[in-house]
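Coordinate analysis (summary)
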Amino acid sequence: MAVVSAQELAVDPVAAAQRLLGATLTSGPVALRIVEVEAYGSDRTGPWPDPAAHSWPGPTARNAVMFGPSGRLYVYRSYGIHLCVNVTAGFDGVATAVLVRAGEVVAGIDLARERRPAARTDADLARGPGNVGSALGISLADYGTELFDPFAEVRLELGPPLPRAEISAGPRVGVRLAAEVPWRFWLPDSPAVSAYRRSPRAPSVDQPLGR
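These lines cover the structure that appears in this document, whether it is placed above or below.

About the thresholds
- Residue positions within a chain follow its written sequence, with the count starting from 1.
- Residues qualify for local features only when their pLDDT is at least 70, as the model is predicted, and side-chain atom pairs are given and counted only at 80 or more; totals for whole chains, interfaces and linings, by contrast, use all residues.
- Excluded from the side-chain calculation are hydrogens and water; included are all heavy atoms of the structure.
- Only DSSP runs of H or I covering at least 4 residues are called helices, and only runs of E covering at least 2 are called strands; the numbering of each starts at the N terminus.
- The quantity called the radius of gyration is restricted to C-alpha atoms. Its globule counterpart is 2.2 Å times the number of residues to the power 0.38.
- We call a residue buried when its accessible area falls under 20% of the maximum for its residue type, exposed when it is over 50%, and partly exposed in between, using a 1.4 Å probe and counting protein chains only.
- Salt bridges are defined by distance alone: a side-chain nitrogen of Lys or Arg within 4 Å of a carboxyl oxygen of Asp or Glu.
- Each nonpolar core is a collection of buried residues, namely Ala, Val, Leu, Ile, Met, Phe, Trp, Tyr and Cys, held together in the definition by side-chain atoms within 4.5 Å.
- Should any heavy atoms of two residues lie within 4.5 Å, those residues are considered in contact.
- Stacked, tilted and edge-to-face are the three classes assigned to paired rings of Phe, Tyr and Trp, where Trp is represented by its six-membered ring and a pair needs centres within 6.5 Å; plane angles under 30 degrees give stacked, over 60 edge-to-face, the rest tilted.
- Two thresholds decide whether a charge sits over a ring: the Lys NZ or Arg CZ must be within 6 Å of the ring centre and within 35 degrees of the ring normal.

The subject of this paragraph is the overall build of the protein chain. Tallying secondary structure elements over the protein chain gives 4 helices and 8 strands in all. Along the chain direction, N to C, the helices and strands of the protein chain fall in the order α-α-β-β-β-β-β-α-α-β-β-β. In terms of overall size, the protein chain behaves like a compact globule, its C-alpha atoms giving a radius of gyration of 16 Å where 211 residues would be expected to give roughly 17 Å. A principal-axis box enclosing the C-alpha atoms of the protein chain has dimensions of 45 × 40 × 35 Å. For the protein chain, buried positions account for 51% of its 211 residues.

Written as structure tokens, this is what we have:
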């Protein structure tokens with residue numbers, strides 16, 4: 001069962017990102033339903049070249065797990081503060097990852113509230129990628145975890161695939177390069193979905209984009 005589930009993410013970045021919507025991500029006693037994601041592609045020589053991806057320069061110590069099998073946890077520190085949670089996808093040897101941008105806490109909500117005392121509502125607990133990591137209590141030691149291992153501290157359970165009509169799409173948040181690529185996906189009925197914010201470093205556009 002674990003191998004089959006991981007293989008469901010051994011697809012292109014867009015398909016993997018859409019497949020993760022509605023999935024349950026669990027870390028210890030806290031679990032959340034994934035409601036917003038962003039897809040990131042490969043390095044320059046891969047099938048889905050993406051200059052906004054950490055994999056763009058090729059394999060490094062930081063992004064090595066992106067080049068491994070699908071279904072692994074890629075954790076990195078953003079702006080020296082927040083830990084962001086990603087799920088690797090694509091084929092072994094080809095970089096692809098999906099950033100978990102937001103989720104609805106469905107178990108361990110009291111602990112999530114303790115970890116996120118600044119959250120004004122329960123919908124705010126895991127809204128935004130840094131808050132996802134905080135609510136789940138993710139650490140850099142979780143890097144590389146096999147998420148479909150039933151004995152792992154951090155686990156992923158895929159739900160049924162959602163109809164494409166139930167998924168909204170728009171450009172990714174905060175990226176300077178490839179800012180127009182519509183690889184952010186979300187469930188529009190969820191109150192936990194974050195607001196779109198275009199990077200001030202990205203080229204200007206004539207009209208607002210995203211949600």
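With that out of the way, let us pick up the pattern of salt bridges. Summed over all chains, the structure comprises 11 salt bridges. For arginine 19, the salt bridge goes to glutamate 8, with nearest N and O atoms at 2.7 Å. You can see arginine 19 sitting in helix 2 (residues 13-20) and its partner glutamate 8 sitting in the loop between helix 1 (2-7) and helix 2, a full 11 residues away along the chain. One salt bridge connects arginine 33 with glutamate 104, and the closest N-O pair in it is separated by 3.3 Å. Of this pair, arginine 33 sits in strand 2 (residues 30-40) while glutamate 104 sits in strand 5 (residues 97-107); the two residues are 71 residues apart in sequence, bridging distant segments of the chain. Under the relative-accessibility criterion, arginine 33 is labelled partly exposed at 30%. Linked through salt bridges whose partners overlap, the residues forming this network are Glu36, Glu38, Arg101 and Arg184.

So, on to the nonpolar core. By size, the foremost hydrophobic cluster in this structure holds 44 residues, and its most contacted members are Leu9, Leu20, Leu25, Ile34, Val37 and Leu156. Of all the secondary structure elements, the ones that give two or more residues to this core are helix 2, strand 2, strand 3 (73-78), strand 4 (82-88), strand 5, helix 4 (129-136), strand 6 (154-157) and strand 8 (184-186). Among the elements that make up this core, the one with the highest residue count is strand 2 (6 residues). Those residues in contact with leucine 20 that sit more than four places away from it in its chain are Leu9, Ile34, Val37, Val87, Val98, Leu156 and Leu158.

With that out of the way, let us pick up the packing of aromatic side chains. Under the definition given, this model contains 3 aromatic pairs. Between tyrosine 74 and tyrosine 76, the aromatic rings sit 5.4 Å apart at their centres with planes inclined by 40°, giving tilted as the arrangement. Each member of the pair, tyrosine 74 as well as tyrosine 76, is classed as buried. Taking the centre distance of 6.0 Å and the plane angle of 85° together, the rings of tyrosine 74 and tyrosine 143 count as edge-to-face. Taken together, the residues span a long stretch of sequence, with tyrosine 74 in strand 3 and tyrosine 143 in the loop between helix 4 and strand 6 at a distance of 69 residues. An aromatic cluster is defined as three or more aromatic residues linked by ring pairs; in this entry it consists of Tyr74, Tyr76 and Tyr143. The positively charged end of arginine 184 is found above the aromatic ring belonging to tryptophan 186, 4.1 Å away from the centroid.

Turning to helix 4, a few remarks are in order. Summarising burial for helix 4: 7 of the 8 residues are buried, a large majority. Those residues of helix 4 that are buried lie in contact with strand 1 (24-27), strand 2, strand 4, strand 5 and helix 3 (109-115).

What follows covers the environment of aspartate 50. On the secondary structure map, aspartate 50 appears in the loop between strand 2 and strand 3. Sequence separation between aspartate 50 and alanine 95 is 45 residues; the distance between their C-alpha atoms is 10.0 Å.

Locating valine 98 in the fold gives a position in strand 5. Judged by relative accessible area, which is 0%, valine 98 ranks as buried. Counting along the chain gives 59 residues from valine 98 to alanine 39, while the straight-line C-alpha distance between them is 4.5 Å.

Among the 8 residues in helix 2, 6 count as buried, and that is most of the element. Within the span of helix 2, buried status applies to Pro13, Ala16, Ala17, Gln18, Arg19 and Leu20. Buried residues in helix 2 make contact with strand 2, strand 4, strand 5, strand 6 and strand 8. Of the residues flanking the end of helix 2, it is glycine 22, one or two places downstream, whose phi is positive at about 90°.

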